[in-house]
Amino acid sequence: MESETPPLRPRIEQIGEKVAAVLIIVLVIGGLLYLLNNSSPIDVAYILRELPSLLGPASLTLLITIGSYLVGMGIGFFLGWLRTLRFLPVRALATGWVESIRGTPFLVQLYLLFAIFSFYSPGNLSSFDRLRLTGFLAMMINTGAYQAEIFRAGLQSVPVGQVEAAKSVGLGYWGAMRTVILPQAVRVVIPPLTNEFILMLKASALLSVIGVHELTDAARVLSFGGKFVEVYVMVTILYLLMTVPIAKVVAWLERRYRIPGLGMQQEARARPIGGSRAIVQRLSGIDVSAFRARAANRGLEPSRGSPAGSWRGKSLTWLKTRLGMKANGSASQLPAPVKSNP
Amino acid sequence: MIRVEGLHKWFGSLHVLKGVSLSVEKGDVLVVVGPSGSGKSTLLRCINLLVTPDKGSVFIEGVKVNAPKIRPEWVRQQVGMVFQQFNLFSHLTALENVTLGLRKVMGLSREQAEKKGKELLERVGLGEKYDSYPAELSGGQQQRVAIARAVAMDPKAVLFDEPTSALDPEYIKEVLDVITQLARDGMTMVVVSHEMGFARNVAKRVVFMDDGRIIEEGTPEEVLVNPRQERTKAFVAKVLE
């Protein structure tokens, strides 16, 4: 039996989306550089010189985010699980907590915790550590509530029939939870959990207001030197370097561990002709593959993709072997491009 | 083997089962027919305690199972169940579906469980599909895997809750064939089904239920061909036309 594939989106829509994205980025960045270059050009040397000084604060950002996110995951799972229970008082308590965290600004939560800790200092912490602890706890509490909602939705997304089937083979509540409910729920919660991580990473910039010396705070301090634009360009790049790979890696993991009929479905499976060629063909009405075929006849076949000899091809091969994939594994799964014979 | 006495079930104010009593002998096939909403599914679910009866008793081999000291998990190990919507674990392959209970409940090693699982899949004609996920199988194939999963636990009886009514017509026969074969092999079964041909050929006894009560009970001939009660006559006439 063939597995059912979701219908492909109209190709023009897919292409249009990409073209628009590229255009927007090019226009915004190009425009910015153009404007700045007229009056006071961006000091690239300054950026290169000062970038390393921001790596320490950036790693603090990463550390606090990862730490609070992971502890918050434990809290979130527990609270989310409580919210799926039948017993009303427990459920109401969990719901009340989640709603009060979700219903107030993170900045206010941060200030509140900051105020509390400035009156009741826990232990003998230096003020430096106390600030970091305050920020860590605020983020942990905040993300815990949001993750509770994600886990609740994930647990409840598992159909009743699955649970009944688990029970009918003799599994108890926890057995069913471990072998059936959780494995299915996990695949549902991964995209929103990734999103939540990225949101928290960005929310960590708010810790600068209580004086935690993370990336944004370091940037603020550095910008007093006068190079405002350069500093925030650096910070922008650093944040992007932290957030974009995460999204990419998770998307890749999702594809790799995808199970037919569960969780994310592949949007586009087979594309008759690939990327740029399709755009050219769509916009110009010219069948590019015809040129290609003619070129091939004359012995001028242009290299397709990244041949193994090129720099990009080599590094791709290296990356794939490091990641335990067959060097050409993913490429060979792609549908062969349609050749048209002129 | 299975005995039900004076079973009552309420869902809120809805009285679903109004004193149902029946018994199934070892190796017998009991087919339950009746209009939808008559309480057939609830009756089955009461037998393996997916639904807790409010009044009355369920006995399996003379043991009263809806008793506080009996673990429902133990009961469900004794009585397998096949669902209308198959309910295969969608994150597991066909083989893993069959072996999950063997490994996690009966404690078999992976090798033992897989050996047994492959034999069972072979028996339902899906030997080569062991590595497929449910979404990659047809309805009929999924239901056959579900039957293998239920039988894998060596249950004393298997309950079938309308096993063919969610299937495309082309797949009904392959599923009924598997159930028939299982009956021939001597499995005790309670089948809720509207397949009259199946009921006539395979059932030892047939029960007609309506409005939470058993209206008529007897051999397939008695209930489905020459029913005595008016309601049974009306139902049979409707189903057969």
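See the structure printed just above.
Being a predicted model, the structure only gives us computed values, none of them experimental.

Before we move on, could you go through the sheet that holds strand E1 (residues 2-11) of chain B and cite the residues and values that matter?
Strand pairing within a sheet occurs via backbone hydrogen bonds; the two strands may be parallel or antiparallel. Residue and element names in this part refer to chain B. One open sheet accounts for four strands, arranged E2-E1-E4-E5; its pairing is antiparallel. Lying at the two open borders of the sheet, with one neighbouring strand each, are strand E2 (14-24) and strand E5 (63-64). Across five bridges, E1 lies against strand E4 (residues 55-60) in antiparallel orientation. By the bridge assignment, valine 4 is partnered in E4 with valine 58.

I'd like a rundown of the pairing of strand E3 (residues 29-33) of chain B, residues and numbers included.
Residues and elements named next belong to chain B. For E3, the tally of buried residues reaches five of five residues, placing the bulk of the element in the interior. The alternating pattern of E3 places Val29, Val31 and Val33 on one face and Leu30 and Val32 on the opposite face, and all of these are buried. Across four bridges, E3 lies against strand E8 (residues 188-192) in parallel orientation. Bridge pairing in E8 places valine 32 opposite valine 192. As paired elements, E3 and strand E9 (residues 205-210) share four bridges and run parallel to each other. Bridge pairing in E9 links valine 33 to phenylalanine 208.

I'd love a proper account of the packing of helix H4 (residues 88-102) of chain A against helix H6 (residues 127-156) of chain A, names of residues and values included.
Residues and elements named next belong to chain A. Running from amino to carboxyl end, H4 crosses H6 at an angle of 120°, the nearest separation of the two axes being 9 Å. Looking at the two axes, H4 sits oblique to H6. The handedness of the crossing between H4 and H6 comes out as left-handed. Touching Trp97, Val98, Ile101 and Arg102 of H4 are Ile141, Asn142, Ala145, Tyr146, Ala148 and Glu149, all from H6. Split into classes, the residues belonging to the contact of H4 with H6 amount to seven nonpolar, one polar and two charged.

Tell me about a nonpolar patch on the surface, residues and numbers included.
On the surface, Ile24, Ile25, Val28, Ile29 and Leu33 of chain A cluster together to form a nonpolar patch covering roughly 470 Å² of accessible area. For leucine 33 of chain A, a relative accessible area of 40% translates into the label partly exposed.

An account of helix H9 (residues 230-240) of chain B is needed here, citing residue identities and associated values.
All names here are of chain B. Listed in full, the buried residues belonging to H9 are Thr232, Phe235 and Val236. Seen from one end, H9 has its buried residues packed into an arc of 95°, which puts them on one side. Facing away from the buried side of H9, by more than 90 degrees, are the exposed residues Glu230 and Lys238.

An account of the layout of surface pockets is requested, with residue identities and associated values reported.
All names here are of chain A. Counted as a void, the second largest pocket has a volume near 640 Å³. Thr84, Arg86, Val163, Lys167 and Tyr173 are the residues nearest the centre of the second largest pocket, which is lined by 16 residues in total. Elements represented by at least two residues in the lining of the second largest pocket include exactly H6, helix H7 (160-168) and helix H8 (173-203). Split by residue class, the lining of the second largest pocket holds eleven nonpolar, two polar and three charged.

Now, about the interface of chain B and chain A: what can you tell me, with residues and values included?
Contacts between the two partners involve 28 residues from chain B and, on the opposite side, 22 residues from chain A. Taking both sides of the interface into account, the surface hidden between chain B and chain A amounts to around 2100 Å²; carbon and sulfur atoms contribute 63%. Remark: the boundary between chain B and chain A carries one salt bridge. In this structure, arginine 45 of chain B engages glutamate 164 of chain A in a salt bridge whose closest nitrogen and oxygen atoms are separated by 2.6 Å. Taken together, chain B and chain A are joined by six residue pairs in polar contact (both at pLDDT 80 or more). Classifying every residue of the side of chain B that touches chain A gives 13 nonpolar, eight polar and seven charged.

Lay out unusual backbone geometry with the relevant residues and their values.
Residue and element names in this part refer to chain B. In the Ramachandran plot, leucine 49 falls in the positive-phi region, its phi being about 65° despite a non-glycine side chain. Its place among the elements puts leucine 49 in the loop between helix H1 (40-47) and E4. Residue leucine 49 is classed as buried on the basis of its relative accessible area, which comes to 9%. Phi at glutamate 61 is positive, roughly 50°, even though this residue is not glycine. Here glutamate 61 shows up in the loop between E4 and E5. Looking at glutamate 61, the relative accessible area reads 43%, which means it is partly exposed.

Tell me about the nonpolar core, and please be specific about residues and values.
Formed by 50 residues in total, the largest nonpolar core has its most connected members in Val31, Leu121, Ile147, Phe160 and Met189 of chain B. Looking at this core, the element that brings in the most residues is helix H6 (residues 169-184) of chain B, giving eight residues. Discounting chain neighbours no more than four positions away, the residues touching leucine 121 of chain B are Ala94, Leu95, Val98, Leu126, Gly127, Tyr130, Val145 and Ala148 of chain B. Counting 41 residues, the second largest nonpolar core, distinct from the first, contains Ala165 and Val169 of chain A together with Val51 and Val190 of chain B.

Would you mind going over the pattern of salt bridges in detail, with residue names and values included?
Within the structure shown, the criterion is met by 24 salt bridges over all chains. One salt bridge connects aspartate 161 of chain B with arginine 45 of chain B, and the closest N-O pair in it is separated by 3.9 Å. Of this pair, aspartate 161 of chain B sits in strand E7 (residues 157-161) while arginine 45 of chain B sits in helix H1, and the two are 116 residues apart along the sequence. Accessibility classification places aspartate 161 of chain B together with arginine 45 of chain B in one group, the buried group. For glutamate 114 of chain B, the salt bridge is made with arginine 110 of chain B, and the minimal N-O distance between the two is 3.3 Å. Within this pair, glutamate 114 of chain B and its partner arginine 110 of chain B are both found in helix H4 (residues 110-123), separated by four residues, close to a single helical turn. Through salt bridges with shared partners, a single network forms among Arg83, Glu99, Arg102, Glu149 and Arg152 of chain A.

Analysis parameters
Residues numbered from 1 in each chain as written. Chains lettered and ligands numbered in written order. Predicted model: local features only at pLDDT ≥ 70, side-chain atom pairs only at ≥ 80, totals over all residues. Heavy atoms only, no water. Pairing = 2+ DSSP bridges. Helix = DSSP H or I, 4+ residues; strand = E, 2+ residues; numbered from the N terminus. Buried < 20%, exposed > 50% of the residue type's maximum accessible area, 1.4 Å probe, protein only. Axes fitted to C-alpha atoms, helices over the stretch in contact; angles between N-to-C directions. Parallel < 35°, antiparallel > 145°, perpendicular 65-115°, else oblique. Left-handed = near helix turned anticlockwise from the far one by under 90°. Contact = heavy atoms within 4.5 Å. Nonpolar A, V, L, I, M, F, W, Y, C, P; charged D, E, K, R; others polar. Patch = residues over 30% accessible without salt bridge, like charges linked within 9 Å, V, L, I, M, F, W, Y side chains within 5 Å. Areas by Shrake-Rupley, 256 points an atom, 1.4 Å probe, with all protein chains shown as cover. Salt bridge = Lys/Arg side-chain N within 4 Å of Asp/Glu carboxyl O. Arc of directions from axis to C-beta. 1 Å grid on protein atoms, 1.4 Å probe; cavity = no way out; pocket = protein on both sides within 12 Å on 5 of 7 lines; lining within 4 Å. Points joined across faces, edges and corners; volume = space filled by probe spheres on them. Buried area = accessible area lost by both parts, 1.4 Å probe. Polar contact = N/O pair within 3.5 Å; in protein donor to acceptor, adjacent residues only side chain to side chain. Core = buried A, V, L, I, M, F, W, Y, C linked by side-chain atoms within 4.5 Å.

Any link to function would need more than the numbers given here.
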